[in-house]
Amino acid sequence: MSKRFSFTVHGTDGRARVGQIDTPRGEIRTPAFMPVGTAATVKAMMPESVRATGADILLGNTYHLMLRPSAERIAKLGGLHRFMNWDRPILTDSGGFQVMSLADLRKLTEEGVAFRSHIDGSKHMLSPERSMEIQKLLGSDIVMCFDECPALPADRTRIAQSMEMSMRWARRSREAFGERPGYALFGIQQGGLEEDLRGQSAEALREIGFEGYAVGGLAVGEGQEAMFGCLDYAPEQLPRDKPRYLMGVGKPDDIVGAVQRGIDMFDCVLPSRSGRTGQVFTRHGVVNIKNARHADDPRPLDEDCSCPACSNYSRAYLHHVFKAQEMISSMLLTWHNLHYYQELMGGLRGAIAAGELTAFVKTFHETRAGGDIEPL
């Protein structure tokens, strides 16, 4: 790749930023939401359909792809972009979060994490060096450092020890990644909900130097109030001239609040997973299409939405195909949810650029509060 990775902030409104990440495979408008393609597919969606929602970048999963079909096989077949028919940027997580979630199936040491596959019980070792090797084989445009992500709540000593090891792993990840023009490596800030530990982590990451920085270790059980409390300071501890990525977040109001606090990038399985379980995000709140109240409702999910589900089908039809367990239900509801998320991101970008973010956020909350949407 000849073109280099770069990030430009085009405007600000308070702490919120609107900008653009440039990569050899295309631009990423920020704030950006990345649909999750865990196993080289966004479930229930074709790649061109994902692009049609407005997505500039997808996320892939190192842990799942290393186990099946294997990074080596994907590399032989031309890399992840060709393999999954997505020619735009791809970010891959390091696998750290997944292997840390295996509990009794893994053993953590300074070297890395030895674990057994949840698929067939086979033994594997994931270290900073191996994680970088896998992500290089996949051809990821944005590579994440290998880190440990302890669940919250946890005591300060545990959080500090974990953060310090993650920073050692970050340096090893940087060394193993090497010089790769056109590709980017993101460091991951850890430190739980402890401001001073977050500061120490940010300082260590700055010293190593990365093309972007993630706020890790949130959305792991601490709740929105605690997460926002951390985001009141954590993004500002990171370099201002690099993209800031909040991993694994989240619900629409999580994203809006995080953008207000200076976050540029997001990913979450929620819109696609919710689509498969009948939960639909609209500007008025969440619709539970399973509920009987929709069985005779001729209205679209959202009269102001232009996605295929809203343009061509009624709530009654969507209720029917969900109850009948037809595949088109997951396809249409996932498409709508991803479309909604991308429209939200576009609205946030426009509001920041116009200096009207406060009004946008006020309308966002008022519209959702004033809707007739049933509880889940």
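For the structure, see preceding data.
Since the model is a prediction, treat every value here as computed from it, not as a measurement.

Cut-off values and rules
- Residues numbered from 1 in each chain as written.
- Predicted model: local features only at pLDDT ≥ 70, side-chain atom pairs only at ≥ 80, totals over all residues.
- Heavy atoms only, no water.
- Axes fitted to C-alpha atoms, helices over the stretch in contact; angles between N-to-C directions.
- Helix = DSSP H or I, 4+ residues; strand = E, 2+ residues; numbered from the N terminus.
- Parallel < 35°, antiparallel > 145°, perpendicular 65-115°, else oblique.
- Left-handed = near helix turned anticlockwise from the far one by under 90°.
- Contact = heavy atoms within 4.5 Å.
- Nonpolar A, V, L, I, M, F, W, Y, C, P; charged D, E, K, R; others polar.
- Buried < 20%, exposed > 50% of the residue type's maximum accessible area, 1.4 Å probe, protein only.
- Pairing = 2+ DSSP bridges.
- Right-handed = clockwise from strand over helix to strand, strands pointing away.
- Polar contact = N/O pair within 3.5 Å; in protein donor to acceptor, adjacent residues only side chain to side chain.

(A) Spatial organisation of the packing of helix H6 (residues 128–138) against helix H7 (residues 156–177). The N-to-C vectors of H6 and H7 enclose an angle of 40°; their axes lie 8 Å apart at closest approach. As far as their axial angle goes, H7 and H6 are oblique. As H6 runs across H7, the sense of the crossing is right-handed. Here Pro 128, Glu 129 and Met 132 of H6 come into contact with H7, specifically with Trp 169, Arg 172, Ser 173, Ala 176 and Phe 177. Its residues assigned to classes, the contact of H6 with H7 comprises five nonpolar, one polar and two charged.

(B) Local environment of the pairing of strand E11 (residues 184–189). With six of its six residues buried, E11 lies for the most part within the structure. Residues Ala 184, Phe 186 and Ile 188 point to one face of E11 and Leu 185, Gly 187 and Gln 189 to the other, with burial holding for every one of them. Of the pairings in the sheet, the one linking strand E10 (residues 142–144) to E11 comprises three bridges and is parallel in character. What sits directly across from Val 143, in E11, is Leu 185. Read from E11 through helix H8 (residues 195–208) to strand E12 (residues 212–215), the crossover connection turns out right-handed.

(C) Geometry of the pairing of strand E16 (residues 285–288). Alignment of strand E15 (residues 279–282) against E16, held across four bridges, turns out to be antiparallel. Bridging across to E16, Thr 282 finds its partner in Gly 285. Taking the residues between adjacent antiparallel strands as the criterion, E15 and E16 are bridged by two residues.

(D) The arrangement of the environment of Leu 77 in detail. Secondary-structure assignment places Leu 77 in the loop between helix H3 (71–76) and helix H4 (80–84). Among all residues touching Leu 77, those that are not within four sequence positions of it are Arg 82 and Phe 83.

(E) Representation of the sheet that holds E10. Spatially, eight strands are ordered E4-E14-E13-E12-E11-E10-E6-E5 in an open sheet, and the strand pairing comes out parallel. Looking at which strands have only one partner, the edges of the open sheet turn out to be strand E4 (32–34) and strand E5 (58–61). Neighbour to neighbour, the strand axes of the sheet diverge by 25° on average, direction disregarded. Packing against the sheet, helix H14 (residues 327–354) makes contact with E4 and strand E14 (265–267), and its axis sits at approximately 160° to E4.

(F) Focus on the side chain of Gln 189. Mapped onto the fold, Gln 189 is located in strand E11. At a separation of 3.2 Å, a polar atom in the side chain of Gln 189 contacts the side chain of Arg 198. Filtering out sequence-adjacent residues up to four positions away, Gln 189 remains in contact with Arg 198, Ser 201, Ala 202, Leu 205, Ala 214, Val 215, Gly 216, Ala 234, Gln 237 and Leu 238.

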